[in-house]
Amino acid sequence: MENYYCALQLRRDSDYRISEDKLYFKNEHIGWVNNFEIDFCDSYYMRRNNTVLNINPKTRLNCEGCKFCYTSHQKSRSIIDLTIPKNLDNFFYDWMNLYGKNDLSGLYQIAVVSGCFPNENSLVKFLLDLNDKVEKMNFHGEIFYLGSQIQTEESLKKLSEIPYFAYSLSIECFENRDKLLRKSKSGFTLEQIKRIMQLSILYGHRTNFTYIVGLDGIKALEEGLKNFEKYINSFPIFNILQEHEYQKGLRNYTANNIQYYLQARKTIEKIFAHSSLKPTMWEVCRTLWYTSYNGEKL
């Protein structure tokens, strides 16, 4: 029996239901469930067997605008502004104490997941300050930023001071960007994004993008990926769209059946078949790939 972590939306009209510890699709018993927890938006969470630390420096509860995002509807158990140096110091010492660590040498990656910085300069300053701080705590892994606020060559050049830096640009969709994304994101055009990703690779950064499967039709997905595949050096992060109760109708009209997602998976595998890039399972909890990719075991 395989165990999976599933992030689920609440929908009154869902075909899935849970009775005691059993999961049903319509009336068919398809699995067992346990260890329920609310999907809180906290200052941090762990991945990859506690070797990847994801931090939300400025609480994402205040981030609104992208219609597919549900973060502003979440609850938080800890709201700490980690852009304040003292708070960041205390955070790492508290984390090491909680996990019984003397330093940060056991971390593979520190991920900064936030689009809530006041501007690009304040984000870059935080990332550089973070690097200085964690280096003193014996961290030798990758500092990873997921967002879209790095938009200039000057910033990418400055971030070269970080030994291992990765930029995952939150593209999310190729069509209807002005309708689905907040204005600060949709104004960053796909052509501008290509240029920044090209420069990111030039400055030695691991570079990819995030994309939400279900917002575009298959044709738009295929054409968009073909246009962007040469601007990355690691596999994109694909998330399946979660359509919550208040987001009904957000999906592309063709994406309301399982065949769409099977076709999307095959399309993506075909586009990247010539490359050595593969999905990383621990990065995504709403992925298209759980055990195999393009016929090979992950």
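Note that the structure is predicted; figures quoted are calculated from it, not measured.

A. Quick look at the overall build of the protein chain. Looking only at helices and strands, the protein chain has 8 helices and 12 strands in total. Here the protein chain holds 298 residues, and 46% of them are scored as buried. Surface exposure of the protein chain reaches about 16,600 Å², of which carbon and sulfur atoms provide 48%.

B. Inspection of the packing of aromatic side chains at higher detail. On inspection of all chains with the given rule, the structure shows 19 aromatic pairs. Grouping aromatic residues by their ring pairs yields a cluster made of Phe174, Phe209, Tyr211, Phe228, Tyr231, Phe235, Phe238, Phe272, Trp289 and Tyr293. The lysine or arginine in question, Arg17, covers the ring of Tyr24, its NZ or CZ lying 4.4 Å from the ring centre. Residue placement shows Lys194 over the ring face of Phe228; its charged tip is 5.5 Å from the ring centre.

C. Region of interest: the pattern of salt bridges. This model, assessed by the stated rule, comprises 9 salt bridges. With its nearest N and O atoms 3.8 Å apart, the salt bridge here joins Lys185 to Glu172. Separated by 13 residues along the polypeptide, Lys185 in helix H5 (residues 183-186) and Glu172 in strand S8 (residues 165-172) bring together distant segments of the chain. Judged by relative accessible area, which is 8%, Glu172 ranks as buried. Note that Lys278 is salt-bridged to Glu296, the shortest N-O span being 2.8 Å. Taken as a pair, Lys278 in the loop between helix H8 (258-271) and strand S11 (292-293) and Glu296 in strand S12 (residues 296-297) lie far apart in primary sequence, 18 residues in all. A relative accessible area of 41% means that Lys278 is categorised as partly exposed.

D. Highlighting the environment of Asn87. Relative to the helices and strands, Asn87 resides in helix H1 (residues 85-98). On a C-alpha basis, the gap between Asn87 and Pro57 in space is 9.9 Å, while along the polypeptide they are 30 residues apart. Ignoring sequence-local partners within four residues, the contact set of Asn87 consists of Ile80, Asp81 and Leu82. A distance of 3.0 Å separates the side chain of Asn87 from the backbone oxygen of Asp81, its partner in a polar contact.

E. Representation of the environment of Phe91 within the structure. By the element assignment, Phe91 lies in helix H1. Distance in space between the C-alpha atoms of Phe91 and Tyr44 is 9.6 Å, their sequence separation being 47 residues. Once you skip the residues sitting within four places of it in the chain, Phe91 turns out to touch Tyr44, Leu53, Ile55 and Leu82.

F. Focus on empty space enclosed by the protein. Per the stated rule, a full pass over the model turns up 1 cavity of 30 Å³ or more. Its boundaries defined by the atoms lining it, the largest cavity holds a volume of some 60 Å³. As for the largest cavity, its lining consists of Phe235, Pro236, Ile237, Phe238, Pro279, Thr280, Met281, Glu283, Val284, Thr287 and Trp289. For the lining of the largest cavity, the class distribution of residues is 8 nonpolar, 2 polar and 1 charged.

G. View of the side chain of Gln242. Along the chain, Gln242 falls in the loop between strand S10 (237-240) and H8. Residue classification places Gln242 among the buried residues on the basis of a relative accessible area of 6%. Side-chain polar atoms of Gln242 contact the side chain of Arg286, separated by 3.3 Å.

H. Summary view of helix H2 (residues 120-135). With 16 residues, H2 extends 23 Å between its outermost C-alpha atoms, agreeing within 8% with the 22 Å of an ideal straight helix rising 1.5 Å per residue. Next to the buried residues of H2 lie strand S5 (52-55), H1, strand S6 (109-113), strand S7 (142-147), helix H3 (153-158) and S8. A distance of 3.2 Å separates the backbone nitrogen of Asn121 from a side-chain oxygen at the start of H2, and that oxygen is part of Asn119.

I. Representation of the nonpolar core. Phe92, Leu127 and Leu130 are the most contacted members of the largest nonpolar core, which has 61 residues in total. By residue number, the principal contributor to this core is H2, which donates 7 residues.

J. Up close: the pairing of S5. Along S5, one buried face is formed by Val52 and Asn54 and the opposite face, lined by Leu53 and Ile55, is buried too. One ladder, built from 4 bridges, connects strand S4 (residues 44-47) with S5; its direction is antiparallel. Of the residues in S5, the one forming a bridge with Tyr44 is Ile55. Counted between consecutive antiparallel strands, the loop separating S4 from S5 contains 4 residues, among which Arg48 sits at a positive phi close to 55°. With 4 bridges joining them, S5 and S6 adopt parallel strand pairing. By the bridge assignment for S6, Ile55 is matched with Val112.

What counts and what doesn't
Residues numbered from 1 in each chain as written. Predicted model: local features only at pLDDT ≥ 70, side-chain atom pairs only at ≥ 80, totals over all residues. Heavy atoms only, no water. Helix = DSSP H or I, 4+ residues; strand = E, 2+ residues; numbered from the N terminus. Buried < 20%, exposed > 50% of the residue type's maximum accessible area, 1.4 Å probe, protein only. Areas by Shrake-Rupley, 256 points an atom, 1.4 Å probe, with all protein chains shown as cover. Phe/Tyr/Trp six-rings, centres within 6.5 Å; stacked < 30°, edge-to-face > 60°. Lys NZ or Arg CZ within 6 Å of the ring centre and 35° of its normal. Salt bridge = Lys/Arg side-chain N within 4 Å of Asp/Glu carboxyl O. Contact = heavy atoms within 4.5 Å. Polar contact = N/O pair within 3.5 Å; in protein donor to acceptor, adjacent residues only side chain to side chain. 1 Å grid on protein atoms, 1.4 Å probe; cavity = no way out; pocket = protein on both sides within 12 Å on 5 of 7 lines; lining within 4 Å. Points joined across faces, edges and corners; volume = space filled by probe spheres on them. Nonpolar A, V, L, I, M, F, W, Y, C, P; charged D, E, K, R; others polar. Expected span 1.5 Å × (residues − 1). Core = buried A, V, L, I, M, F, W, Y, C linked by side-chain atoms within 4.5 Å. Pairing = 2+ DSSP bridges.

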